[in-house]
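Each chain, written out:
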Amino acid sequence: MSGPATRCGHIAIVGRPNVGKSTLLNHLLRQKISITSRKPQTTRNRILGISTTDAAQCVYVDTPGLDRRHRKAINRVMNETVMAVVAEVDVIVLVCERLNWDERDQAVLDAAAGSAAPVLLAINKIDQIVDKHRLLPHIERLAGLHGFAEIVPVSALGGHNLDALEASLRGLLPESGFLFPADQVTDASSRFLAAELIREKITRRLGDELPYKVTVEIEQFTEVGGTLRILALITVDKPGQKRILIGEGGQRLKQIAAAARKDMEQTFESKVMLECWVKVRTGHMTEARTLKSLQAK
């Protein structure tokens, strides 16, 4: 006799910018693989995160925030990425936040509703709702917008109700064998993760001072005597941006590198020696080419 059937499938995490999609993914995996920031659309790429139990394997796909209001090439490519993902997955998690629902959330729902996949609505950041009595009427209103497979209130950052969310998602997956080894957490390379961790620290510390076109490339990633030696090239578009990034006496770049190195040591479970340097390459990439280059990593 064969053993009990296992379930496996791809789960898209979608939502407008800044609702906590990447934070949710990291906490579902109990490991950081997707960078987070208060700056909208920090996530540029499809990032796979894999969570495996004895009976199920959830292959999460983190996506950029979908926002149709902006017409820049970078936003257009991000939106195209989201649309391509929702057309391919087995389950969709639509993330909104607190008691908020506006035309941007509705646009994401419209995109998700065009897929054949069931849509689960995750209401994030419920720990920030002061009057909890307003939550149930809000859930009832949202339930009338679409035939959601389920509506689950959560706090990704606080870890509230994530077990219930995971159980619901596993139940929606098709019966299938696993796609990845049980101990694999992501399909992203170590070089890609290292570059993303540096980009996260830049985005968090500089906010709107630097544009989206700042890129990070890992030029060296080697292990010597149990220590990872990583050399990173940060490319900006203008000399003034380089000065901002380096800071007075190089202090800002040192702080960015120190914070990134700390996260790398946790991610790679190894001592890390990180060296970062900044180069100006005017017009080094158009926004669309920047994204496509990153998505190819």
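Our structure is the block above this text.
Undergrad: An account of the overall build of the protein chain is needed here, citing residue identities and associated values.
TA: Helix and strand counts for the protein chain come out as nine helices and nine strands. Expressed as a percentage of its 297 residues, the buried residues of the protein chain come to 51%. Counting only carbon and sulfur atoms, one obtains 49% of the accessible surface of the protein chain, whose full area is about 14,000 Å².

Undergrad: Give me the pairing of strand S4 (residues 91-97): which residues, what numbers.
TA: Counted residue by residue, S4 has seven buried out of seven residues, so it is predominantly covered. Here strand S1 (residues 7-14) pairs with S4 via four bridges, running parallel. Of the residues in S4, the one forming a bridge with Ile13 is Val93. Looking at chain direction, S4 and strand S5 (residues 119-124) are connected through six bridges and run parallel. When the sheet's bridge partners are listed, Glu97 is paired in S5 with Asn124.

Undergrad: Now, about the sheet that holds S5: what can you tell me, with residues and values included?
TA: The six strands lie next to each other as S2-S3-S1-S4-S5-S6, forming an open sheet whose pairing is mixed. The sheet is open, and its two borders are formed by strand S2 (47-52) and strand S6 (150-153), each paired with just one other strand. Across this sheet, the average inter-strand angle for adjacent strands is 25°, counted without regard to direction. Sheet strands in contact with helix H4 (residues 135-143) are S4, S5 and S6, and its direction is about 150° off that of S6.

Undergrad: Quick one: what's the story with helix H6 (residues 190-206), residue by residue and with numbers?
TA: Here H6 spans 24 Å end to end across 17 residues, near enough to the 24 Å set by a 1.5 Å rise per residue. Once H6 ends, the next one or two residues include Gly207, with phi positive near 55°.

Undergrad: Describe the packing of helix H7 (residues 239-246) against helix H8 (residues 251-268), and please don't skip the residues or the numbers.
TA: It is at 5 Å that the axes of H7 and H8 come closest, and there the two elements cross at 65°. Where H7 abuts H8, its residues Ile244, Leu245 and Ile246 lie against Gln251, Arg252, Leu253 and Ile256.

Undergrad: Go over unusual backbone geometry, please, and point to the residues and values.
TA: With a phi angle near 45°, Arg98 is a residue other than glycine that sits in the positive phi range. Note that Arg98 resides in the loop between S4 and helix H3 (103-113). The backbone phi angle of Lys125 is positive, close to 65°, even though this residue is not glycine. Secondary-structure assignment places Lys125 in the loop between S5 and H4.

Undergrad: Which residues make up the nonpolar core, and what values go with them?
TA: With 52 residues, the main nonpolar core has Tyr60, Leu165, Ile198, Ile230, Ile234, Met264 and Leu274 as its most contacted residues. A per-element tally of this core places H6 first, with eight residues. Counting 27 residues, the second largest nonpolar core, distinct from the first, contains Val59, Cys96, Leu109 and Ala117.

Each value, and the rule that gives it
- Residues numbered from 1 in each chain as written.
- Predicted model: local features only at pLDDT ≥ 70, side-chain atom pairs only at ≥ 80, totals over all residues.
- Heavy atoms only, no water.
- Helix = DSSP H or I, 4+ residues; strand = E, 2+ residues; numbered from the N terminus.
- Buried < 20%, exposed > 50% of the residue type's maximum accessible area, 1.4 Å probe, protein only.
- Areas by Shrake-Rupley, 256 points an atom, 1.4 Å probe, with all protein chains shown as cover.
- Pairing = 2+ DSSP bridges.
- Axes fitted to C-alpha atoms, helices over the stretch in contact; angles between N-to-C directions.
- Contact = heavy atoms within 4.5 Å.
- Expected span 1.5 Å × (residues − 1).
- Core = buried A, V, L, I, M, F, W, Y, C linked by side-chain atoms within 4.5 Å.

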